[in-house]
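Remarks on the overall topology
Take a look at the letters that make up each chain.
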Amino acid sequence: MICTPLAVRSKSGRTALKNRSRASIDSSNGLSRTRRQGAACLAIGATLLRSCGPTIPVRFPQYPNKTGAKLKAVLEGGRNVGVVAAKTNPRILARIGYENDWSDTMEGAVTTAIAEKGFFEVVDLSGRKERLRELAYTQSGMTGESLAIGRELAVNSMLTVQLTNAPRQECKQEMVPDYTGYAVELALAKAQGSDTGDASLDKKTGVLYLTVYVVGRLTSVETGRTVTYSHTKPYRQVNKPGDVDCPSALAAFDGAIDQAARGIADNLSPKIVELPVPLMDDESGVRDDEAVDLVTGYLSSGNEWAEVADFDRAAKDWRRALNESSGDSVSALWNLAVYSWYSGDYDDAERYFDRALDGGGPDWLDGAKRELMARFSEQKRLAEGRNR
């Protein structure tokens, strides 16, 4: 883990706000309690940042690698979605003995899968669902009547799912581990005075690969833009170890549907992730030497409140620090920017970030802060698109 310190050493020997900050200031080296516990830092991963110090958790959407760019263009920040599974020819599923309502099953599986991502709000389509299923099946009006219904129901986008071909079955026999049977065989062998006897862990077993061919289409009801995902991954159904018969396709179908639904969610839904954004407590930007102890004391106090997740109290101390610094404390500006981001006040957050950047200068803006601010800017842009 690569950590980039965000806090720097405070000047030693200052004693203002002793009652409030003495517990926070290390008398031996002048470092704040935050620094003693570990410098607030960022670990740069492939796509995420991980913090090792006092933080505020902000939540933002993470987009799929393959479809992310198209997904952003379709959604434009909108989170209300309607889920519709097109009606299908019942003879297709009758081949595997499936007699349930395909549309209900698929819609339920997709709704569950995208709910786990935490981004979408699924809108109840109620009485319009049957008509939407018909439209999705015939593909007539997919950019007309069905999208008009979506707008009527205050939906930002429609997620339609269609079974495009009959499920494909492939039966095989594979060696499958039988831990329970193996343990029994070992016990019997031992009882007969043999170390292992004829005990065998792996047993030839019947395996069914069932492929459900499903296409998911997410369409903006305003622009008609669409992003598509085609699911062709086979689902593996395994018999009880040692049973060489082919498993039932009907028994495998629900699992195959769930797998397809997860594939749709993985590719057509952002995932809400939590990013712990580090806080600062140094004296950067403070011009009045006599105010430094007051400023750093309030900063440390605010960070201590943040450590117990009382961010509103923390923000009060950071505002005091900003006032005592005559509006110059870069750490206070940064912390208040992060707090505003956490609170969903993107305009305030942007103003605080901009002031922190102006006060800190180019040397202050390292790669970790730059990546954080870029993530914030993207989230603000998406939020503005959602609110249009």
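What you see is a predicted model, and the numbers here were worked out from it, not measured in a lab. (Residues numbered from 1 in each chain as written. Predicted model: local features only at pLDDT ≥ 70, side-chain atom pairs only at ≥ 80, totals over all residues. Heavy atoms only, no water.)

Helix and strand content of the chain: 14 helices and 12 strands. For the chain, with 388 residues in total, the buried portion stands at 47%. For the chain, contacts bridging at least 24 residues in sequence account for 75% of all contacts bridging at least 6. Accessible area for the chain stands at about 19200 Å²; split by element, carbon and sulfur atoms hold 45% of it. (Helix = DSSP H or I, 4+ residues; strand = E, 2+ residues; numbered from the N terminus. Buried < 20%, exposed > 50% of the residue type's maximum accessible area, 1.4 Å probe, protein only. Contact = heavy atoms within 4.5 Å. Areas by Shrake-Rupley, 256 points an atom, 1.4 Å probe, with all protein chains shown as cover.)

Moving on to the state of the cysteines. As enumerated under the stated definition, the model contains 1 disulfide in all. Residue pairing for C171: its cysteine sulfur links by disulfide to C246, the two sulfurs lying 1.7 Å apart. Its S-S torsion of about -60° marks the bond between C171 and C246 as left-handed, since a negative value means left-handed. Here the residue C171 occupies a position in strand β7 (residues 168-177), and C246 occupies one in the loop between β11 (235-238) and α9 (249-268), the gap between them amounting to 75 residues. (Disulfide = S-S within 2.5 Å.)

With 6 of 7 residues buried, strand β9 (residues 214-220) is to be regarded as a mostly interior element. Of the pairings in the sheet, the one linking strand β6 (residues 157-163) to β9 comprises 7 bridges and is antiparallel in character. Within the sheet, the bridge partner assigned to T160 lies in β9 and is R217. Of the pairings in the sheet, the one linking β9 to strand β10 (residues 226-231) comprises 6 bridges and is antiparallel in character. Bridging from a neighbouring strand, R217 pairs with T228 of β10. In this structure, the hairpin formed by β9 and β10 is closed by a connection of 5 residues, where G224 is found at a positive phi of approximately 80°. (Pairing = 2+ DSSP bridges.)

This brings us to the confidence of the model for the chain. Taken over all residues, the pLDDT of the chain has a mean of 82, while the share at 70 or more is 81%. Considering only residues more than four positions removed or in separate chains, one finds that residues 1-51, a stretch of pLDDT under 50, has 121 contacts. (pLDDT = per-residue confidence, 0-100.)

With the rule as written, the count across this model stands at 21 salt bridges. Residue R287 pairs with D328 through a salt bridge whose shortest N-O separation is 3.7 Å. With a gap of 41 residues between them, R287 in the loop between β12 (271-278) and α10 (292-307) and D328 in the loop between α11 (311-324) and α12 (330-343) connect regions that are remote in the sequence. Put simply, D310 and R313 hold a salt bridge, and the shortest N to O gap is 3.1 Å. Judged by relative accessible area, D310 falls into the partly exposed class, the value being 24%. On the basis of relative accessible area, R313 is assigned to the partly exposed category, the value being 44%. (Salt bridge = Lys/Arg side-chain N within 4 Å of Asp/Glu carboxyl O.)

What follows is about the environment of S343. The topology assignment puts S343 in helix α12. With a relative accessible area of 43%, S343 lands in the partly exposed category. Each C-alpha atom, one on S343 and one on F311, is 9.5 Å from the other, the two residues being 32 residues apart in sequence.

Turning next to the packing of aromatic side chains. In the structure shown here, the tally under the stated rule is 9 aromatic pairs. Taking the centre distance of 5.0 Å and the plane angle of 65° together, the rings of F311 and Y342 count as edge-to-face. A residue pair is termed long-range when its members are at least 10 positions apart, and F311 in helix α11 and Y342 in helix α12 qualify at 31 residues. By relative accessible area, F311 is classed as buried at 8%. Seen from their ring centres, W341 and F376 are 5.5 Å apart, and the 70° between their planes marks the pair as edge-to-face. With W341 in helix α12 and F376 in helix α14 (residues 367-387), the pair connects residues that are 35 residues apart, well separated along the chain. Within the aromatic cluster, the residues linked to one another by ring pairs are W334, W341, Y346, F353, W364 and F376. Between the NZ or CZ atom of R313 and the centre of the ring of W305, over which it lies, the distance is 5.2 Å. In this arrangement the basic side chain of K369 is found over the ring face of W364, its NZ or CZ atom lying 5.0 Å from the centre. (Phe/Tyr/Trp six-rings, centres within 6.5 Å; stacked < 30°, edge-to-face > 60°. Lys NZ or Arg CZ within 6 Å of the ring centre and 35° of its normal.)

For the rest of this paragraph, the subject is the sheet that holds strand β8 (residues 202-211). In space, the 3 strands of this open sheet follow the order β7-β8-β11, with antiparallel pairing throughout. Edge positions in the open sheet fall to β7 and β11, since each of these has one partner strand only. Between one strand axis and the next, the sheet turns through 30° on average, direction left out of account. (Axes fitted to C-alpha atoms, helices over the stretch in contact; angles between N-to-C directions.)

Before going further, it helps to spend a moment on helix α13 (residues 346-364). Between its first and last C-alpha, α13 extends only 22 Å over 19 residues, short of the 27 Å set by a 1.5 Å rise per residue. The sharpest bend along α13 comes to roughly 60°, located at D358, with the proline P362 sitting one to four residues further on. All of the buried residues in α13 are Y346, A349, Y352, F353, A356, G361 and W364. (Expected span 1.5 Å × (residues − 1). Bend = angle between axes of the 7 residues up to and from the residue.)

Moving on, we come to α9. Along its 20 residues, α9 runs 27 Å from first to last C-alpha, staying within 8% of the 28 Å computed at 1.5 Å per residue. In terms of burial, α9 is largely enclosed, as 14 of its 20 residues are buried.

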